[in-house]
Amino acid sequence: MGNRSEAVIVLHEGADPSALRHELQGAHLRLEPMLPSATTPADRCWYLLVPDPEISDKDLDALLLHIRGINGVDAAYRKPPGEPP
């Protein structure tokens, strides 16, 4: 994975991630559940946002600022390398 940045997105409990996926369409980002086998609604709120390697950290930070304003998003932040979420 190298030095590629990743971000963590936390949705409000019960929020539909399809609105977020629509916003990210064409932004060279992949949204993946952090806990794909989660059984509780609180655990299903966590997502990993994986950018394409050509996206700079500055551009990722700008996207995260935009994502924070999307309805249903509770938090959006860049995950420090080598750290748990």
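Right above here is the structure, for reference.
Below, the structure is looked at part by part.

Reading guide: rules and limits
Each chain has its residues counted from 1, running along the sequence as written. Only residues with pLDDT of at least 70 are given local features in this predicted model, and only at 80 or more are side-chain atom pairs given and counted; all residues enter the totals for whole chains, interfaces and linings. Side-chain measures here rest on the full set of heavy atoms in the structure, leaving out hydrogens and waters. By the criteria applied, helices consist of DSSP H or I runs no shorter than four residues and strands consist of E runs no shorter than two, each listed in order from the N terminus. Here a residue-residue contact requires only that any non-hydrogen atoms of the pair lie within 4.5 Å. Polar contact is the term for a pair of N or O atoms within 3.5 Å; when the atoms are in protein, one must be able to donate a hydrogen and the other to accept it, and sequence-neighboring residues count only if both atoms are side-chain atoms. Any carboxyl oxygen of Asp or Glu that lies within 4 Å of a side-chain nitrogen of Lys or Arg is treated as forming a salt bridge with it. Accessibility here uses a 1.4 Å probe with only protein chains present; expressed as a share of the type maximum, an area under 20% marks a residue as buried, one over 50% as exposed, and anything in between as partly exposed. Working note: the arc is built from the helix axis to C-beta atom directions. Whether two strands pair comes down to DSSP finding at least two bridges between them. The axes used here are C-alpha line fits, helices contributing only the stretch in contact, and every angle between their N-to-C directions lies in the interval 0 to 180 degrees.

### Some points on the environment of Glu23
Piece 1. Considering the arrangement of structural elements, one finds Glu23 in helix α1 (residues 17-24).
Piece 2. Separated by 14 residues in the primary sequence, Glu23 and Ile9 have C-alpha atoms spaced 13 Å apart.
Piece 3. What Glu23 contacts, discounting residues up to four positions off in sequence, is His66 and Ile70.
Piece 4. Within the structure, Glu23 has its side chain in polar contact with the side chain of His66 (distance 3.0 Å).

### Section: the pattern of salt bridges
Piece 1. Applying the stated criterion to the full structure yields 4 salt bridges.
Piece 2. For Lys79, the salt bridge identified is with Glu6, shortest N-O distance 3.7 Å. Taken as a pair, Lys79 in strand β4 (residues 73-79) and Glu6 in strand β1 (residues 6-11) lie far apart in primary sequence, 73 residues in all.
Piece 3. In this structure, Glu32 and Arg30 form a salt bridge, with 2.5 Å as the shortest nitrogen-oxygen distance.
Piece 4. Accessibility expressed as a relative area gives 26% for Glu32, which makes it partly exposed.
Piece 5. Salt bridges sharing common partners tie together Asp57, Asp61 and Arg78.

### Structural notes on α1
Piece 1. Within α1 the residues assigned to the buried category are Pro17, Leu20 and Leu24. For α1, the buried positions fall inside an angular range of 55° around the axis, keeping them on one side.
Piece 2. The elements touched by buried residues of α1 are β1, β2 (29-33), β3 (46-51), α2 (57-68) and β4.
Piece 3. Following α1 by one or two positions, Gly26 has its phi on the positive side, about 80°.

### Describing the sheet that holds β2
Backbone hydrogen bonds hold the strands of a sheet together, and the pairing may be parallel or antiparallel.
Piece 1. Here we have 4 strands laid out as an open sheet, ordered β2-β3-β1-β4, and antiparallel in their pairing. What marks the edges here is a single partner per strand, and that holds for β2 and β4. For this sheet, the mean angle separating the axes of adjacent strands, direction not counted, is 25°.
Piece 2. When β1 meets β3, the two strands line up antiparallel, connected through 4 bridges. Bridged to Ala7 within β3 is Leu49.
Piece 3. Most of the contacts of α1 go to β2, to which it runs at about 165°, and overall it touches β1, β2, β3 and β4.

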